[in-house]
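Survey of secondary and tertiary structure
Here is what each chain is made of, one letter per residue.
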Amino acid sequence: PYLNGLLAPDCEPPKMNPSIEPLSWLLGTWLSEPPGDGIYPTLQPFHYLEEVHITHVGQPMLNFSFNAFHPDTKKPMHRECGFIRLKPDSNKVAFVSAQNTGIVEVEEGEVNGQELCIASHSIARISFAAEPRVEQIMRKFRLNAEGRLEQTVSMATTTQPMTQHLHITYKKV
Ligand code: HEM
């Protein structure tokens, strides 16, 4: 049975709130396949694994977690979790994420069919966040013709203009 949390163990599986239907193609558990590609002008190219959980509990929003791992050592790397909301009666989307690197960000954009394009609206960081600082983030999610989810992340930092950092394809499990 679906656990809606320990405080509501016997709840029926929550019905999807109809307002999030335009985002329902994101729902599920997704695993990177093949491993993701990391690049940036200042970095050696790298690969990573990622496990993604995108769920709902009947509320008019999605819950997400993205959990990256080193492809060889399987050690945890980047992690983030948050919520995706839709502005009622529109295709406007807000994406709120807390990351283990000490940044918290809000991105906004639009969903069009099975494609979601968002860009940072505000970024907050802990006072001792590592340099260089990320100043802008852009992401694109899309469900491709093979039913795989793809994410592309670009960013601008205090030393680099907007440039791609990540591209990854996930298979639903
Ligand atoms: C480096 C931001 C997601 C792996 C960096 C840097 C920034 C950054 C600002 C430093 C770049 C430089 O030195 O010029 C972000 C943001 C992310 C994100 C904003 C999400 C929106 C990820 C993910 C991975 C990853 C999912 C997967 C493992 C790395 C690695 C480096 C790096 C390996 C280089 C070593 C290090 O600084 O730890 N990232 N990153 N990042 N990122 Fe990301």
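Just so it is clear, the model here is predicted, and its values are computed rather than measured.

Next up on the list: the side chain of E80. Relative to the helices and strands, E80 resides in strand β5 (residues 76–86). With relative accessibility at 6%, the residue E80 sits in the buried group. Looking at E80, its side chain comes within polar contact range of the side chain of S97, at 2.6 Å. A distance of 3.4 Å separates the side chain of E80 from the side chain of Q99, its partner in a polar contact. Excluding its chain neighbours within four sequence positions, the residues that come into contact with E80 are F64, S65, F66, F95, S97, A98, Q99, E105 and R139.

Where strand β1 (residues 28–32) meets strand β11 (residues 163–172), three bridges bridge the pair, whose relative direction is antiparallel. Note on β11: the bridge partner recorded for S32 is Y170. Here two bridges tie strand β2 (residues 36–38) to β11, and the two strands are oriented antiparallel to one another. By the bridge assignment, G38 is partnered in β11 with L166. Looking at chain direction, strand β10 (residues 149–157) and β11 are connected through seven bridges and run antiparallel. What sits directly across from L149, in β11, is Y170. Turn length for the β10-β11 hairpin, with the two strands adjacent in sequence and antiparallel, is five residues.

Now for the environment of M77. Among the structural elements, M77 can be located in strand β5. The class of M77 is partly exposed, set by a relative accessible area of 32%. For the pair M77 and E50, spaced 27 residues apart in sequence, the C-alpha to C-alpha distance is 9.2 Å. Residues contacting M77, with those up to four places away along its chain left out, are A68, F69, H70 and N100.

Contacts to the ligand come from 17 residues, most closely from T42, F46, R139, M155 and H165. In this structure, an oxygen atom belonging to the ligand sits 2.5 Å away from a side-chain N or O atom of T42. Because more than half of its atoms lie within 2 Å of the grid, the ligand is assigned to the largest pocket. Looking at the shell around the ligand, the elements with two or more residues in it are β3 (46–55), β5, β9 (134–143), β10 and β11. At three residues, β3 tops the list of elements feeding residues into the shell around the ligand.

This part covers the pattern of salt bridges. The final tally for this structure, using the stated rule, is six salt bridges. Among the salt bridges present, the one from E105 reaches R139, with a minimum N-O distance of 2.6 Å. Pair noted here: E105 is in strand β7 (residues 103–112) and R139 is in strand β9, with a separation of 34 residues, a long-range link. In this structure, R142 and E150 form a salt bridge, with 3.2 Å as the shortest nitrogen-oxygen distance. Residues joined in a network through salt bridges with shared partners are E80, E105, E107 and R139.

Rules of the game
Residues numbered from 1 in each chain as written. Predicted model: local features only at pLDDT ≥ 70, side-chain atom pairs only at ≥ 80, totals over all residues. Heavy atoms only, no water. Helix = DSSP H or I, 4+ residues; strand = E, 2+ residues; numbered from the N terminus. Buried < 20%, exposed > 50% of the residue type's maximum accessible area, 1.4 Å probe, protein only. Polar contact = N/O pair within 3.5 Å; in protein donor to acceptor, adjacent residues only side chain to side chain. Contact = heavy atoms within 4.5 Å. Pairing = 2+ DSSP bridges. Near = heavy atom within 4 Å. 1 Å grid on protein atoms, 1.4 Å probe; cavity = no way out; pocket = protein on both sides within 12 Å on 5 of 7 lines; lining within 4 Å. Sits in = over half its atoms within 2 Å of the grid points. Salt bridge = Lys/Arg side-chain N within 4 Å of Asp/Glu carboxyl O.

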